Structure formats: C-alpha cells, structure tokens
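Breakdown of the fold
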Amino acid sequence: MTSRLMARVGLLALLGALVATFCDAIHVHTKTLSYPDPLWFGQAWWVFPLFLVAFALLAVTYHVLVAAPWLKLPRQYSASSGELVPFVEALVVFVLVYVLSGFGNHDPLFLGIFFLVTFVLRWLAGPDRSFLLLVALLLAVAGILVEGTLHQFGLVSYREPEIYGVPWWLGGVYLHGAFLLREGMRFLVLRPSPSEQS
C-alpha cells in the first residue's frame, strides 16, 4: 500500500469511527446496549479506538477483494472512482438504519425482517450485486462475531441477546453498512486526487 492510499484509508477509518461512535451512543441512549464501565456518554473508553481499527481493517479487506485477480465476480463499479452524492446518500441511509435500530428495536423480529427486505431491495437496484453481496455477508458475519465476542467477555450487553449475545437484527445493520463501505471506498480511497487526474 502506498502512503497516499494509507492516508486515505486512515481518513475513511476516522470518519467511519466518528459516525459509528455517534450511532453507538444512540444505542446507549435508547438502552439497546450498555457497557459495564462507561467513561463518557455511557460508552466504554475503547469504543472509538475499536471502531477506528475495525474501519481500517474493513477498508484494507475491501481493497484486497476489489483488486483480487482470483475473485471472479463483476466489480467494475465497486472498483471505480466515486462521487460525493452517492457517498452522502449511503451515509445518510446507514445512519437512519442505525437510528431505527436504536429507537425501533422493541419489535426485533419486525426490525430484522425490515432490514433484510430493505437490504434486498437496495441490493437488487444496484450494480456489482454478487461482489456487494460478498462484502455484505462478510461484514454481517464479522460484525456479529466481534460484537458477540465482546459480549462473551462481558464488555457489552444487548437488551435482546438472541444470537451469540447480540440481537439478530444486528446483521441487517451490517448488511446496510456494505453500501456505505463501498461508497466510502469509492469516494475517499479510490477517487484520484486532482494531481492524479491531470
């Protein structure tokens, strides 16, 4: 990875960690989850650093997958330079999904179905569906495993621990996160700088 690429991955990781920490605070506020030893806003000290590392790993994983010659999935759109509007749209939808998961999780079955159906509709309407599905499934499985492991170590508790200590609708939040990861990579990481365009 070049230093320019590493700096852009760092920017994506920083932005992602800030947004995710804010969204996590909504989960704390709505009592969707809790931490045994909160430091500020009901969150543990390690929440922001964990999100920072997680988003850096997600960006590197995405970069490896999108460039992998052995992966025989169409990914022309996913590997192309992005624009501000699709990035902002993906960011707004992701935040709305996260907010809904905080304020609307009193009916977890409905919420899980709603997230799955809306993911499928967005997925069917978009490009590079097989590649995006791979990214979304990896994100959902990894997210549930990481958050479930945090639960197993007593670092976080969800109000509705249904699958490995986390609510099953959480996978739907991560599925929607794949759209934001793709547009974030396209706009913040893969987009050439003005000097590279000339």
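My aim in this report is to walk through the structure given alongside it, one point at a time. Treat the numbers as computed from the prediction; the structure is a model and nothing was measured. (Residues numbered from 1 in each chain as written. Predicted model: local features only at pLDDT ≥ 70, side-chain atom pairs only at ≥ 80, totals over all residues. Heavy atoms only, no water.)

**Points about the packing of aromatic side chains**
Evaluated as defined, the whole model comprises eight aromatic pairs. With centroids separated by 5.5 Å and ring planes inclined at 85°, the aromatic side chains of Tyr35 and Trp46 adopt a geometry described as edge-to-face. Of this pair, Tyr35 sits in the loop between strand S1 (33–34) and helix H2 (47–67) while Trp46 is found in the loop between S1 and H2, placing the two residues 11 residues apart along the sequence. Taken individually, Tyr35 and Trp46 each receive the classification buried, so the pair is uniform in this respect. Ring centres of Phe87 and Phe187 lie 5.5 Å apart, and the angle between their planes is 20°; on these two criteria the pair is classed as stacked. In this pair, Phe87 sits in helix H3 (residues 84–103) while Phe187 sits in helix H6 (residues 170–189), placing the two residues 100 residues apart along the sequence. Residue classification places Phe87 among the buried positions, given a relative accessible area of 7%. Of the aromatic side chains, those joined through ring pairs into one cluster are Phe110, Phe114 and Phe115. Sitting over the ring of Phe179, Arg122 keeps its end group 3.9 Å from the ring centre. Over the aromatic face of Tyr77 sits the side chain of Arg186, whose NZ or CZ is 3.7 Å from the ring centroid. (Phe/Tyr/Trp six-rings, centres within 6.5 Å; stacked < 30°, edge-to-face > 60°. Helix = DSSP H or I, 4+ residues; strand = E, 2+ residues; numbered from the N terminus. Buried < 20%, exposed > 50% of the residue type's maximum accessible area, 1.4 Å probe, protein only. Lys NZ or Arg CZ within 6 Å of the ring centre and 35° of its normal.)

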